[in-house]
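# Results of the structural survey
For reference, the chains in residue letters:
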Amino acid sequence: MPRRVDPLPEPAAPFSGDLLALVSRGDQRRYKKGTLLIQEGDTGDTLFAIVSGRLRAYSVNPANGREITYGTYGAGEYLGEMSLDGGPRSASVITLETTVCSVIGRSALQAFIAERPAFAFELLAKVIRRARAATLTAQQLALNDVYGRLKLLLDALATRPLGDARAIDDRPTHQEIANRIGCTREMVSRVMKDLVRGGHVVVDGNGWLLPGPLPMRW
């Protein structure tokens, strides 16, 4: 069972404006690493706002156990808004580390929107962004080969410039990459080995460096 925690002071919460006011009304709970917060297909009307820690949203094929990861989310993000219409959960969500969430029920959210109608537009914008991201993921899976999807992911992760290179500070495991791009861990390992051997990816402590643009094709 999640453990209740005392409400955090406002400066410690990574939220602002209306969202901070909403989060302060939630029930703050601490979850251990590996806790399943949302099960795909279940009905639910709860919003999880992340105060600290990280969550992963994913789906599993029950026939073969293969997973696909839709995204990982950290402090300041919230998940669960897609089922506020009363429909089934569209994905499972699990904690990647010890995580504190503000848990907000549908009734509390409805009361908040009645007080601050403008927040409904923020919530709608979030739903639209998530739907667009899901569409983009589907396009990438359908229209790109494995290397094309891996290249897109590495380019998206390499957000920190380092001179003429780009850095990925916290490199994912090969299995995590496979879950993100919809292929096997063995295929990821084979392609990454070639990229490292060719000098396109350099192992740097817990991260990777990309000295230059990745090859268009592998």
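Use the structure listed above.
This write-up is about the structure you can find in this document. (Residues numbered from 1 in each chain as written. Predicted model: local features only at pLDDT ≥ 70, side-chain atom pairs only at ≥ 80, totals over all residues. Heavy atoms only, no water.)

### Thoughts on the packing of aromatic side chains
- For the coordinates displayed, the defined rule picks out one aromatic pair.
- Seen in terms of ring centroids, Phe 112 and Phe 119 are 5.4 Å apart; in terms of plane orientation they differ by 85°. Their pairing is edge-to-face. In this structure, Phe 112 and Phe 119 share a single accessibility class: buried. (Phe/Tyr/Trp six-rings, centres within 6.5 Å; stacked < 30°, edge-to-face > 60°. Buried < 20%, exposed > 50% of the residue type's maximum accessible area, 1.4 Å probe, protein only.)

### Things to note about the pairing of strand 9 (residues 99-105)
- Burial analysis of strand 9 places six of its seven residues in the buried class, the great majority of the element.
- The sheet contact formed by strand 2 (residues 27-31) and strand 9 spans five bridges and is antiparallel. Considered in strand 9, the bridge of Arg 30 is made with Val 100. (Helix = DSSP H or I, 4+ residues; strand = E, 2+ residues; numbered from the N terminus. Pairing = 2+ DSSP bridges.)

### Digging into the environment of Lys 126
- The residue Lys 126 is located in helix 3 (residues 118-143) in this model.
- With a relative accessible area of 10%, Lys 126 lands in the buried category.
- As for Lys 126 and Glu 81, which are separated by 45 residues in sequence, their C-alpha atoms are 8.4 Å apart.
- Ignoring sequence-local partners within four residues, the contact set of Lys 126 consists of Glu 77, Tyr 78 and Glu 81. (Contact = heavy atoms within 4.5 Å.)

### Here we look at the pattern of salt bridges
- Enumeration according to the criterion identifies nine salt bridges in this entry.
- Glu 97 is paired through a salt bridge with Arg 54; the nearest N and O atoms lie 3.2 Å apart. With Glu 97 in the loop between strand 8 (92-95) and strand 9 and Arg 54 in the loop between strand 4 (46-52) and strand 5 (55-60), the pair connects residues that are 43 residues apart, well separated along the chain.
- Overall, the relative accessible area of 32% leaves Arg 54 in the partly exposed class.
- In this structure, the salt-bridge partner of Asp 194 is Arg 197, at a minimum N-O distance of 2.8 Å. (Salt bridge = Lys/Arg side-chain N within 4 Å of Asp/Glu carboxyl O.)

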